[in-house]
Each structure stands twice: as C-alpha cells, then as structure tokens.
2 protein chains.
Amino acid sequence: MADGPQEANAEYYAAFEAGDLDRMGDVWADGAFADGVSCVHPGWPMLRGRDEVLRSWALIMANTTYIQFVLTDTTCDVYGDHAIVTCKENTLTADEEDSGGTGFLAGGSIVATNVFVRTDGRWRLLVHHGSPILGTPEDE
Amino acid sequence: MADGPQEANAEYYAAFEAGDLDRMGDVWADGAFADGVSCVHPGWPMLRGRDEVLRSWALIMANTTYIQFVLTDTTCDVYGDHAIVTCKENTLTADEEDSGGTGFLAGGSIVATNVFVRTDGRWRLLVHHGSPILGTPEDE
C-alpha cells in the first residue's frame, strides 16, 4: 500500500463517519505500539492503550446516529516513521439524545492533533487529541 | 546534557510557572523544526509555527499573574528521536481579569499531549495540545 499519513488520517474520519468499529480498529496502531496508543475525545480525559481507546469508540459509535466531517487547515509533517497531522474538524452531527429524537443536526469545530506511526509499511494512528474551540482573542 | 523527555516536559511547565518567555522559547524546537511546531492551548484554535506559538506565550504570560502546576498520570514513550509525553495538568491560577483584582485562585484540570524531538542532543517541544476535561460518563 502506498498510502501516506494523510490517507490514513482521512480513513480515520471515514471509519468514524461509517460507524464501523472494525475499520476504526484497523486505523489504530497495534502490536508493539498498542500500549502507547492514546486518545483524547473533545472534553474527555486521556484514554491510554488500544483496548481502552477502542472501548470508547464502541461507546461513541453506539451513541452517534450521524456524523459528517469536513476537514480544513490540514497539515502533515513526516519525521521518518512518525508523522504529525493537524486539522480542524468541522462536524455535522445528529444525536438522538441531543435532538430528542427529532433528528436535529448540530455543527461544531474541533482542533485535532494526530500522530501516526509507520509499521509494517502502513501508517497507523498512535495518538489522537481533539479539543473544542471555545473562542479566544486570537480567533480568526 | 543527559536530560530526557520527562525533564524537558517538566521544564516546559516550570518555564510557564516562572513566566519566563526566554526559557519558554528555549523549550520549543527551533531551526529545521520551527515550522512544524504546533500548539493548542485549552479551548484555543491550532497555532502553527514557532513564531505564532511564542507570540501566544507572550500574551498568556502577560495575562497570568500566578499559575502553578501539579502533574499527574504522566506517561512517556520514546520512539528513537521522538517522544510522546501525556499528563494531566492540575492547575492553580490567579488571573487579574477573573478575580477582579482580588487575587482569587482558581483550579482546573487539563489533559495534555506533548511531543518532543531530540535535536543536537536535546529534547525540545514540537507539539503541545492541551484541552479542558469537561466531564464524561467515563470520568473517574
């Protein structure tokens, strides 16, 4: 596979959009890197280790009826077998709980730092840290 | 210098506590890594590049009368010349604006992902991503 870190980054969001836990599991690093996996969902505490991270995805996917991402401001820096991708996640979601079953759509902006590692020729996600943009004096 | 990434991580918070912009500038990666520097302060958008990041620190330090960190849950994974440090920042702050000049102290919890790069034998900060813990079902 000739896919680079940007394609791996796109696959991460595609797996979330598809609500496909197997696909999401394939995105995240495994084997020797499993213990080093970490993930911060927006507003959440730090989750550590592949198992804990994938459990969170099972929970999130079970509670997300619809989510769509438009990524902007994506940057990608490759350092040997590691790559750091940053982007802004512009989301459109429908959440049963939030909408009271009306299918109400909500938008939001999240900034994300994603660290990928190349292992067995594939780029896999080692670190995801997403956080809400709450507004700052430097907000553009 | 035999300092490892954990010592570099501690120096980052010490520089912030000291309100010392020169020291903070020394913590962050420079030279070939300057453009790859990125920083997300809690609730802020993504800042990219050493210059933009250090400008934000000048602003933050000018508006912080007192801050103290107690780091917990620190982990450190080294991958060659890169290292990923995660920690929980338990902060105690006094902010003129928030306190109305009364010196009121506020506490808070932030989760941070810090990526360090070893260059010229020193570990320097390449990525900082901090985000507020807003409370989740998995909150411990």
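Taking an unreviewed UniProt entry as the reference, chain A is identified by name as DUF4440 domain-containing protein belonging to Actinomadura rayongensis.

## Some words on the relation of the copies chain B and chain A
The transformation that overlays chain B on chain A combines an axial shift of 0.0 Å with a rotation of 180°, and the residual RMSD is 0.0 Å. Both chain copies can therefore be described as sitting about a two-fold axis. No C-alpha of chain B lies nearer the rotation axis than that of B:Ser131, which sits 2.8 Å from it. Looking at the interface residues of chain B, 100% of them are also at the interface in chain A, so both copies use one shared face.

## Some remarks on the environment of A:Asp3
Tracing the sequence through the fold places A:Asp3 in the segment before helix H1 (5–18). Sequence separation of A:Asp3 and A:Asp120 is 117 residues, and the distance between their C-alpha atoms is 12 Å.

## Points about the environment of A:Gln6
Residue and element names in this part refer to chain A. Following the sequence through the fold, glutamine 6 ends up in helix H1. The exposure class of glutamine 6 is partly exposed, given its relative accessible area of 43%. Put simply, glutamine 6 and cysteine 76 are 70 residues apart on the chain and 6.9 Å apart in space, counted from C-alpha to C-alpha. In this structure, glutamine 6 is in contact with Thr74 and Cys76, ignoring residues within four places of it in sequence.

## A look at helix H1 (residues 5–18) of chain B
Compared with the 20 Å implied by 1.5 Å per residue over 14 residues, the 20 Å span of H1(B) between its first and last C-alpha is a close match. Downstream of H1(B) by a residue or two, B:Gly19 has a phi angle that is positive, lying close to 60°.

## Points about the interface of chain B and chain A
With 33 residues of chain B at the contact, the number on the chain A side is 33 residues. When chain B packs against chain A, close to 2900 Å² is buried across both sides, 67% of that on carbon and sulfur atoms. Summed over the shared surface of chain B and chain A, the result is two salt bridges. For A:Asp77, the salt bridge identified is with B:Arg48, shortest N-O distance 3.1 Å. The interface formed by chain B and chain A contains 13 residue pairs in polar contact (both at pLDDT 80 or more).

## Things to note about the pattern of salt bridges
Residue and element names in this part refer to chain A. All chains considered together, the criterion is met by twelve salt bridges over all chains. As a salt-bridge pair, arginine 23 and glutamate 11 come within 2.8 Å of each other at their nearest N and O atoms. Residue arginine 23 is located in helix H2 (residues 21–27), and its partner glutamate 11 is located in helix H1; the two are separated by twelve residues in the primary sequence. Among the residues examined, glutamate 11 registers a relative accessible area of 27% and is labelled partly exposed. Several salt bridges share partner residues, and in doing so they unite Asp26, Arg122 and Arg124 into one network.

## Considerations on helix H3 (residues 50–62) of chain B
Residue and element names in this part refer to chain B. Here H3 spans 18 Å end to end across 13 residues, near enough to the 18 Å set by a 1.5 Å rise per residue. Those residues of H3 lying buried are Arg50, Val53, Leu54, Ser56, Trp57, Ile60 and Met61. The buried residues of H3 all sit within an arc of 150° when viewed along its axis, so they share a single face. Residues Asp51, Arg55 and Ala62 are exposed on H3 and point more than 90 degrees away from its buried face. Against H1, helix H2 (21–27), strand E1 (38–40), strand E2 (47–48) and strand E6 (122–132) lie the buried residues of H3.

Parameters at a glance
- Residues numbered from 1 in each chain as written.
- Chains lettered and ligands numbered in written order.
- Predicted model: local features only at pLDDT ≥ 70, side-chain atom pairs only at ≥ 80, totals over all residues.
- Heavy atoms only, no water.
- Least-squares fit on C-alpha atoms with pLDDT ≥ 70 in both.
- Contact = heavy atoms within 4.5 Å.
- Helix = DSSP H or I, 4+ residues; strand = E, 2+ residues; numbered from the N terminus.
- Buried < 20%, exposed > 50% of the residue type's maximum accessible area, 1.4 Å probe, protein only.
- Expected span 1.5 Å × (residues − 1).
- Buried area = accessible area lost by both parts, 1.4 Å probe.
- Salt bridge = Lys/Arg side-chain N within 4 Å of Asp/Glu carboxyl O.
- Polar contact = N/O pair within 3.5 Å; in protein donor to acceptor, adjacent residues only side chain to side chain.
- Arc of directions from axis to C-beta.

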